Amino acid sequence: MLTPLVLSGGSGTRLWPVSRRNLPKQFLALSGHGTLFQQTVARARRLPDAAAPIVVASEDHRFLAAEQLQEAGVADAAIVLEPLARNTAPAIALGALKALERDPDALLLVLPADHLVTRPEAFDAAVAQALPAARDGWLVTFGIRPDRAETGFGYIRRGEGLGDGVFRVERFVEKPDLATAEGYLADGGYDWNSGMFLFRAARYLEELGQHAPAMLAAVREAYAGATRDLDFIRIGKEAFARVPEDSIDYAVMEKTRRAAVVPVDCGWSDIGSWSALWLTGRRDADGNLREGDTLVIDTHNSLLRSHDRHLVATVGVDDLIVVTTPDATLVARRDAAQDVKKVVDRLKASGRSEHSLHRVVHRPWGSYDSLEAGERFQVKRIVVKPGASLSLQKHHHRAEHWIVVSGTAEVTRDDEVFLLGENQSTYIPLGSVHRLRNPGKVPLELIEVQSGGYLGEDDIVRLDDVYGRA
């Protein structure tokens, strides 16, 4: 059985300010139809005889993954939650253990959730080529045929042919400098390392046990103690913290004698930076990739991305990246796109929230938008999905005023339960036990005004929660 294993633990820091820790790039619609995560799942499910996918995701993104699977009409996926990031080798081991519960002969098709493939039919053909070798015990990776001298990817040197477009891996090569990358391109025997794989689940665990036995033992222990939580398989944090951190390349692929590669030209991109997105997008006659409300004069070879109705205008510039969001704007040279991560590192070091949170924050019940904040007050626009409910909670440091803009609110306030309609309001005193629910069939929108000495999101004491957060 061919089991897609979608790895969704990335943070996408080089696509800041659109991609952030709490909403990373795999859950964004950056190119094509749907988010990158949804496109990856759809690409896997179109393969013949593909089983229900297994998703390995960060615990912080569990509701994003579940909601986007639901939007895509995928109801049978297994979602395994990593409490900590431990790189790809342990994540794939978790997926392999889950797959073997279903089928002792399971074939794992490992796909990062944040990659773009614009010619899926070519990828389908590559998977079909790789299947016989994978069934025969080879650990197959997919090498992307390079179309430029790229210094941002690792490379794979093809060795002897094994038949039907499959080659033994002669060696893996780290990211080269430009002169070396140009040599690889001229040589013709090198492919980009895509991070996509096909192998039998049991064979992967066998190789992991041979080359990284401590990792395999720790993953097995952590998986054995997993618990069910709603639709999720939750791995214990303490047990997973004992798992050594390493990539599949270092832990297994560079050490095994049974590594094979299938070269493929499928319109692949890892969307690893804004310049990579510029390369994959549909550019105008002046080489500009534009999205949103933009106005350009004498502007060439630039990426301009405007949020909502915020106008971005450029005059007399070339090779720039300009990206706006409600709370941040990025301006960078296109050839410096890889250094956007340094902005994220600086924001994190200085304790600012823009590295992790958008102004609009998504929750399993809906979303909130922080409209205004000042000394001892904050104003939010809250949207609650039909039938959804926030947790039963209280605050130690703030009081709240709720004003219903549209829809119907069911309010629990201590011993009272009452309904509020459009233009009605209520007051939640400091320390009051309260809950907000949308009993209607349309979204509930309200304005919340918080006041108090401390307004942080960690001033929430959850007493009961349908999403398991209490």
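About the criteria used
Residues numbered from 1 in each chain as written. Predicted model: local features only at pLDDT ≥ 70, side-chain atom pairs only at ≥ 80, totals over all residues. Heavy atoms only, no water. Helix = DSSP H or I, 4+ residues; strand = E, 2+ residues; numbered from the N terminus. Rg over C-alpha atoms; globule rule 2.2 N^0.38 Å. Contact = heavy atoms within 4.5 Å. Areas by Shrake-Rupley, 256 points an atom, 1.4 Å probe, with all protein chains shown as cover. Lys, Arg positive; Asp, Glu negative; His and termini not counted. Charge placed at Lys NZ, Arg CZ, Asp CG, Glu CD. Pairing = 2+ DSSP bridges. Axes fitted to C-alpha atoms, helices over the stretch in contact; angles between N-to-C directions. Domains from an automatic or database assignment. UniProt positions renumbered as here; feature names shortened; annotations may be inferred. Phe/Tyr/Trp six-rings, centres within 6.5 Å; stacked < 30°, edge-to-face > 60°. Buried < 20%, exposed > 50% of the residue type's maximum accessible area, 1.4 Å probe, protein only. Polar contact = N/O pair within 3.5 Å; in protein donor to acceptor, adjacent residues only side chain to side chain. Salt bridge = Lys/Arg side-chain N within 4 Å of Asp/Glu carboxyl O. Patch = residues over 30% accessible without salt bridge, like charges linked within 9 Å, V, L, I, M, F, W, Y side chains within 5 Å. Parallel < 35°, antiparallel > 145°, perpendicular 65-115°, else oblique. Nonpolar A, V, L, I, M, F, W, Y, C, P; charged D, E, K, R; others polar.

(A) Up close: the overall build of the protein. Helix and strand counts for the protein stand at 11 helices and 30 strands. Against the compact-globule benchmark of 23 Å for 470 residues, the protein has a radius of gyration of 24 Å, which places it among compact chains. When its C-alpha atoms are laid out on the principal axes, the protein stretches across 75 × 60 × 40 Å. Long-range contacts, defined here as pairs at least 24 residues apart, represent 69% of the contacts in the protein between residues at least 6 apart. Roughly 20900 Å² of accessible area belongs to the protein as shown, and the carbon and sulfur atoms make up 48% of that amount. Of the side-chain charges in the protein, 56 are positive and 65 negative, and the distance between the mean point of each set is 2 Å.

(B) Molecular detail of unusual backbone geometry. Residue Trp 16 is joined to Pro 17 through a cis peptide bond whose omega torsion reads 10 degrees. Positionally, Pro 17 belongs in the loop between β1 (2–8) and α1 (36–45).

(C) Structural view of the sheet that holds strand β27 (residues 425–428). Within the open sheet, the six strands sit side by side as β20-β21-β22-β29-β24-β27. Their pairing is antiparallel. Lying at the two open borders of the sheet, with one neighbouring strand each, are β20 (360–363) and β27. On average, each strand axis in the sheet is tilted by 20 degrees relative to the strand beside it, whichever way the strands run. Looking at chain direction, strand β24 (residues 398–406) and strand β29 (residues 444–452) are connected through eight bridges and run antiparallel. When the sheet's bridge partners are listed, Ala 399 is paired in β29 with Ser 451.

(D) How the structure looks around the domain arrangement of the protein. Domain annotation for the protein reports domain 1 (2–269), domain 2 (285–349) and domain 3 (360–464). Measuring from the centre of the C-alpha atoms in domain 1 to the corresponding centre in domain 3 gives 40 Å.

(E) View of the UniProt feature "domain: Nucleotidyl transferase" (unreviewed entry) in the protein. On the UniProt side, "domain: Nucleotidyl transferase" (unreviewed entry) is annotated at positions that read residues 4–280 here. Secondary structure content for residues 4–280 is 36% helix and 26% strand, while the C-alpha to C-alpha distance between its ends is 25 Å.

(F) How the structure looks around the pairing of strand β26 (residues 416–420). Note that strand β25 (residues 409–413) and β26 share five bridges and pair antiparallel. Among the inter-strand pairings, Ala 409 is bridged to a residue of β26, identified as Leu 420. Joining the antiparallel neighbours β25 and β26 is a turn of two residues, in which Asp 414 adopts a positive phi near 55 degrees.

(G) Quick peek at the packing of aromatic side chains. All chains considered together, the criterion is met by 11 aromatic pairs. Note on Phe 153 and Trp 192: the rings are 4.9 Å apart at their centroids and 65 degrees apart in plane angle, and the pair reads as edge-to-face. Of the two residues, Phe 153 sits in the loop between β6 (139–144) and β7 (155–163) while Trp 192 sits in strand β9 (residues 190–200), which places them 39 residues apart along the sequence. With a centroid separation of 5.1 Å and 10 degrees between ring planes, the pair formed by Phe 199 and Tyr 204 is classed as stacked.

(H) Summary view of the side chain of Glu 207. Mapping Glu 207 onto the fold places it in helix α6 (residues 201–211). By relative accessible area, which is 5% here, Glu 207 ends up buried. At 2.8 Å, the side chain of Glu 207 forms a polar contact with the side chain of Arg 203.

(I) How the structure looks around the pairing of strand β22 (residues 377–384). Burial runs high along β22: six of the eight residues are buried. Examined bridge by bridge, strand β21 (residues 366–374) and β22 share eight bridges and lie antiparallel to one another. Counterpart to Ser 367 in the pairing with β22 is Val 383. Where β21 folds back on β22, the antiparallel hairpin that results is connected by two residues, among which Arg 376 adopts a positive phi of roughly 70 degrees. Here β22 pairs with β29 via eight bridges, running antiparallel. Looking at β29, one finds that Val 379 is bridged to Val 449.

(J) Layout of the pattern of salt bridges. One pass over the full model with this rule turns up 33 salt bridges. Note that Asp 327 is salt-bridged to Arg 20, the shortest N-O span being 2.8 Å. Of this pair, Asp 327 sits in the loop between β18 (320–325) and β19 (328–333) while Arg 20 is found in the loop between β1 and α1, placing the two residues 307 residues apart along the sequence. Judged by relative accessible area, Asp 327 falls into the partly exposed class, the value being 28%. Close ionic contact of Asp 369 with Arg 359 constitutes a salt bridge, the shortest N to O distance being 2.7 Å. Here Asp 369, found in strand β21, pairs with Arg 359, found in the loop between α11 (340–349) and β20; they are 10 residues apart in sequence, far enough to count as distant. The partly exposed category is assigned to Arg 359, whose relative accessible area is 26%. Overlapping salt bridges bring together Glu 59, Asp 229 and Arg 234 as one network.

(K) Just α6, in detail. Where α6 is concerned, the buried positions are Ala 201, Arg 203, Tyr 204, Leu 205, Glu 207 and Leu 208. If you follow the buried residues of α6, they end up packed against α3 (88–102), β4 (107–112), β6, β9, α7 (213–224) and α9 (248–253).

(L) Region of interest: a nonpolar patch on the surface. A grouping of Leu 295, Ile 297, Leu 311 and Val 315 is seen on the molecular surface, where their side chains present a nonpolar patch of about 360 Å² in accessible area. If you trace the backbone, Val 315 turns up in strand β17 (residues 312–315). On the accessibility criterion, Val 315 (59% relative accessible area) is exposed.

(M) Representation of the packing of α6 against α7. Packing of α6 against α7 brings their axes to within 5 Å, and their N-to-C directions diverge by 125 degrees. When the axis of α6 is compared with that of α7, the two are oblique. Between α6, through Leu 205, Leu 208, Gly 209, Gln 210 and His 211, and α7, the contact on the second element is made entirely by Pro 213, Met 215, Leu 216 and Arg 220. Per-class residue counts for the contact of α6 with α7 are five nonpolar, three polar and one charged.

(N) Region of interest: the sheet that holds strand β16 (residues 303–305). Taken in spatial order, the four strands line up as β14-β16-β18-β19 in an open sheet, and their pairing is mixed. With partners counted over all chains shown, the strands left at the sheet margins are β14 (289–291) and β19, one partner each. Taking each pair of neighbouring strands and ignoring which way they run, the sheet shows an average axis angle of 5 degrees. As paired strands, β18 and β19 are joined by six bridges and run antiparallel to one another. Bridge pairing links Thr 324 to Thr 329 in β19.

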